[in-house]
Amino acid sequence: MLFAAGILVILAVAVLVLEPIVRGSRASLERTNDEMSEAEATRRVRLLALRDAEYDYQMGKLDEADYRSLRAELAAEALAAMEAVEAEKGGGPNSRVSPAPDALEAEIAAARAGLRDGTTCGACGHGNPAGSRFCASCGQALHLSGSTSA
Amino acid sequence: MNVIGELALWVSLPVAIWGGALAFIGGRQNRGDLVLSAERTVYAVLALITLASLGIVDTFLNDRFEYTYVASYSSLDLPTFYKVSGLWAGQTGSLLFWLLLLCGFSALAVWSNRSKNREFMPYVVGTLMVIQTFFLVVLLFADVNPYAKLGFTPIDGQGLNPQLQNYWMTIHPPTLYLGFTAFTVPFAFAVAALLSGRLDSRWIVVTRKWILLSWFFLSNGIVFGMRWAYEELGWGGYWFWDPVENASLLPWLTATAFLHSVQIQETRGMLKVWNMGLVLVTFILTIFATFLTRSGLIESVHTFAQELKIAYIFLGFMGALIALVTVLIIYRLPQLRSSNQIESFVSRESAFLFNNLILVATTFAVMWGTMLPLFSEGFTGQEISVGPAFFNRVNVPFGIAILFLMGVGPVIAWRRASKKNLQKHFVVPTAVGLATAAGLWLAGARVGLSVMTFGIAAFVLWVIGAEFWKGTKARARIEGEGMVSAFWHLVMRNRRRWGGYVVHVAIVIMFTAFAAAPWYQEIRQTLDPGESAEITSPLGSTYTLTYEGLSTNFNDRDDNLAWQAVALLSVRKDGEPLPPMTTEKREYIRPDRSTSTEVGIRSTPVEDLYITLADVNTRLIEMRVNDPSQQTATFTFMVKPLVSWIWASAFVLTIGALIGMWPGGAEVRPPASRPASDAPAPAPAGD
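Residues numbered from 1 in each chain as written. Chains lettered and ligands numbered in written order. Predicted model: local features only at pLDDT ≥ 70, side-chain atom pairs only at ≥ 80, totals over all residues. Heavy atoms only, no water.

**Description of the sheet that holds strand β3 (residues 542-556) of chain B**
All names here are of chain B. Read from one edge to the other, the open sheet built from five strands follows the order β2-β3-β4-β5-β6, with strand pairing classed as antiparallel. Sheet topology places β2 (532-536) and β6 (595-598) at the edges, where each strand pairs with a single neighbour. Averaged over all adjacent pairs, the angle separating strand axes in this sheet is 25 degrees, with direction ignored. One ladder, built from five bridges, connects β2 with β3; its direction is antiparallel. (Pairing = 2+ DSSP bridges. Helix = DSSP H or I, 4+ residues; strand = E, 2+ residues; numbered from the N terminus. Axes fitted to C-alpha atoms, helices over the stretch in contact; angles between N-to-C directions.)

Right under this line is the structure:
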């Protein structure tokens, strides 16, 4: 009885461990597409730094002159990061054209508005037309009130 | 069950070796099948070690005294509760328990990364399995196999050390071990990042979360240990700078340093080598902690018997780890260059940097003091050890400096902060801090360092409170929200920052409680029944304690007691009666007939009244003499202000850590979806 139980334990372990090699099932070894790339991560960090600076300014930690110069720097870095993301995605010829400086402000403003009315996807950040129930990019269900979805 | 358990322990060794080898080969040759097989070994070893642990619990529950481990730590009369916790009561069992938790965290790491961070997983699994293999080799070949047999079957076991027969026994070691073992996963990711050369922001995100989880367990484990010492050891203290206490503090210090400096890497791309070093050192320090406890090289309240064999195995393993990670870091140095420089001395980066320097300096000081007996014996043949006085003198200034930085850091902006703004932010908090210190000084609190700590604590609390208030106002203005909803979103959208502030509040509370130590009062008095003693609290009230007499009972087998002598004392505070208190001496049913003292504690938010029965004529008790005229007893009475704040701070710390760790919210949203956040730019998460 005990002997049989022991054999059973060893067999179970052997089957579990050797099955992938015998049957050739494989584990993925590469980063998947839906994981954030390094360029996207950088872009995200830059955008957030910009937002952080705005809060620091609003909370009185930065004075206006410092805030303006810092924001100019951060905006430039954020733009560079956004370009890198565009380049990475290997889009059309437009991807090389650097967006105007206020494009960033527009992106933040648009994203914020999208979040409020629930059209910006909480999972992938894609902006969807008003009234969408699912994200056109990733299929995620869209919340009606984005501001409470965080 | 015990036979299957022992078999499982032996089977897990080849499985772990197989897993480690296959993971590295699979990673190098890009063979998904080998890696999948290696990942399965993680689950398989978890299952096997669970069987092995259940086997040990089974031997305890069935009083199988032919096993050395059971005979040493259990007895027929031991309550079931402590038989189950027998798994971690002694040397060999606690190593198995350590391995069990390590296997659990390894499986969690593999499972939670089954469809992401795949590029790291071969090396993560490989590293985890190498470490598991190490512990298995120790268990099986270093004379610490929990399944080792005596060769005969004693009628009864030795019983469990009385000091371990306390409910904290079932809580403190597991929590601490959870903290220690969870650090293995960030270590594995760090090694994987170094081996695979993928040193971008990804590994740091995974690592950060695991470090926070481990840090949370370790913090609570340390505080639980303090509480155990306070309630059980009877000397009225909670921290003695004991080597094993220090050993648990060391990784806590370096992990705390990492949790701060990682933010500089995430926002500014700096300190990459430093952070990598902190992760690696933190893990090695957890191994060091086990080494110190298990080897018995340094005298401590925690040590088991001195085991040189195990000491050499651990030293060899630590040496190999240090050599390996040093070579890896040097090899990857070009990829670990900083992408930025600190722009201003007055910036949040530099505040974080100071915090790190102090934490690391504290680590060195504690390490030095702990290891001094060993070093001095090795070099001069004479064992020199330093007591709490050394540690306090060195570490109190460090602690005060850290406390001060907690107030400075939040107020200064990233990159640069203008002096004018700093002044504006610091005027009120500084005034509050100075007023607190001055008020306490005038009220008669004349201990410089403590008053300074209270003042700085007030300063920091004011800064943090103001930070919450101003942040809420700023969010309300930027987003056009009401104050309540602005506050909620402020915290929820950047849980790490605001959770961190809550943790800071916890540390402030804890440090304030520590700073009250100079006012602890203690008297020792011998009383006959009917006599009273008085002790005056530093806050002015006087406690009158009247010894009412001793009651004894015998052979309470449910509680494993040979006898129990309970001294009853009635208590008056400034003449007003309070509920009576008891303190007792016990002898447990054990061959060595050891006695223990149970303290009486009356705890209020202001102060604890702490009484112990220091001495009583135990011979008369054993002879069952029940004569009040022969019940003379010696008591120690103590009044300890603010001690309960330490335990309260652990709750606050838990709340803060949970806010910071809670999944979802700000941490998993890609940039475009969470522009409203005021994050100090946490890197992407997604896991």
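This is not the end of the story, as more comes after the structure.
**Some thoughts on the sheet that holds strand β9 (residues 633-641) of chain B**
Residues and elements named next belong to chain B. Ordered in space as β1-β9-β8-β7, the four strands form an open sheet in which the pairing is antiparallel. Each edge of the open sheet carries a strand with a single partner, namely β1 (521-527) and β7 (600-603). Looking at each pair of strands side by side, their axes are set apart by 15 degrees on average, direction ignored. Sheet analysis places strand β8 (residues 607-616) next to β9, joined by nine bridges and oriented antiparallel. By the bridge assignment for β9, Asp 608 is matched with Lys 640.

**Comments concerning the confidence of the model for chain A**
Residue and element names in this part refer to chain A. For chain A, per-residue confidence averages 72 on the pLDDT scale, and residues scoring 70 or more make up 67% of the total. By mean pLDDT, helix α4 (residues 102-117) is the weakest element of chain A at 57, and helix α1 (residues 2-23) is the strongest at 91. Every residue in residues 92-102 scores below 50 in pLDDT, and together they form six contacts with partners more than four places removed in sequence or on other chains. The low-confidence segment residues 144-150, where pLDDT is below 50, has 19 contacts with residues more than four positions distant or belonging to other chains. (pLDDT = per-residue confidence, 0-100. Contact = heavy atoms within 4.5 Å.)

**With respect to the side chain of Ser 12 of chain B**
All names here are of chain B. Along the chain, the position of Ser 12 falls in helix α1 (residues 2-29). Residue class for Ser 12 comes out buried when judged on its relative accessible area of 0%. Non-local contacts of Ser 12, meaning those with residues more than four positions away in its chain, are made with Val 45, Leu 48, Ile 49 and Leu 136. (Buried < 20%, exposed > 50% of the residue type's maximum accessible area, 1.4 Å probe, protein only.)

**Details of the packing of aromatic side chains**
Residues and elements named next belong to chain B. This model, assessed by the stated rule, comprises 43 aromatic pairs over all chains. A ring pair is formed by Phe 454 and Trp 519, whose centres lie 6.1 Å apart and whose planes are at 25 degrees; its orientation type is stacked. Residue Phe 454 is found in helix α16 (residues 448-479), and its partner Trp 519 is found in the loop between α18 (495-515) and β1; the two are separated by 65 residues along the sequence. Residue Phe 454 shares its accessibility class with Trp 519, and that shared class is buried. Grouped by ring-pair contacts, the aromatic residues Trp 88, Phe 97, Trp 98, Phe 134, Phe 135, Tyr 177, Phe 180, Phe 314 and Phe 317 constitute a single cluster. One cation-aromatic arrangement involves Arg 624 over Phe 554; the distance from NZ or CZ to the ring centre is 3.8 Å. (Phe/Tyr/Trp six-rings, centres within 6.5 Å; stacked < 30°, edge-to-face > 60°. Lys NZ or Arg CZ within 6 Å of the ring centre and 35° of its normal.)

**Section: the environment of Tyr 588 of chain B**
Residue and element names in this part refer to chain B. Residue placement: Tyr 588 occurs in strand β5 (residues 576-588). Sequence separation between Tyr 588 and Asp 77 is 511 residues; the distance between their C-alpha atoms is 9.7 Å. Here the side chain of Tyr 588 touches Arg 586 through a polar contact of 3.0 Å, side chain to side chain. (Polar contact = N/O pair within 3.5 Å; in protein donor to acceptor, adjacent residues only side chain to side chain.)

**Things to note about the pairing of β6 of chain B**
Residues and elements named next belong to chain B. Across the two faces of β6 the burial differs, with Ser 596 and Glu 598 buried and Thr 595 and Thr 597 not buried at all. Relative to β6, β5 is paired through four bridges, and the arrangement is antiparallel. Note on β6: the bridge partner recorded for Glu 587 is Thr 595.

**A look at the nonpolar core**
Residues and elements named next belong to chain B. Leu 9, Ile 49, Phe 135, Trp 203, Met 276, Leu 280 and Phe 314 are the most contacted members of the largest nonpolar core, which totals 186 residues. With 17 residues, the single largest contributor to this core is helix α9 (residues 201-233). Setting aside residues up to four positions removed in sequence, Met 276 forms contacts with Ala 190, Ala 193, Leu 194, Leu 199, Trp 203 and Ile 329. Core analysis: the next-biggest nonpolar cluster, separate from the first, contains 24 residues, Ala 533, Ala 565, Met 581 and Val 639 among them. (Core = buried A, V, L, I, M, F, W, Y, C linked by side-chain atoms within 4.5 Å.)

**With respect to helix α3 (residues 64-89) of chain A**
For α3 of chain A, with 26 residues, the first-to-last C-alpha span of 37 Å sits near the 38 Å given by 1.5 Å per residue. Taken together, the buried positions of α3 of chain A are occupied by Asp 66, Tyr 67, Leu 70, Leu 74, Ala 75, Ala 78, Leu 79, Ala 81, Met 82 and Val 85 of chain A. (Expected span 1.5 Å × (residues − 1).)

**Thoughts on unusual backbone geometry**
Residue and element names in this part refer to chain B. Here the phi dihedral of Asn 117 falls at roughly 50 degrees; this positive angle occurs in a residue that is not glycine. Secondary-structure assignment places Asn 117 in the loop between α5 (91-112) and α6 (121-141). Even without being a glycine, Asp 143 presents a positive backbone phi close to 60 degrees. Within the fold, Asp 143 resides in the loop between α6 and α7 (172-182). Assessed through its relative accessible area of 57%, Asp 143 is described here as exposed.

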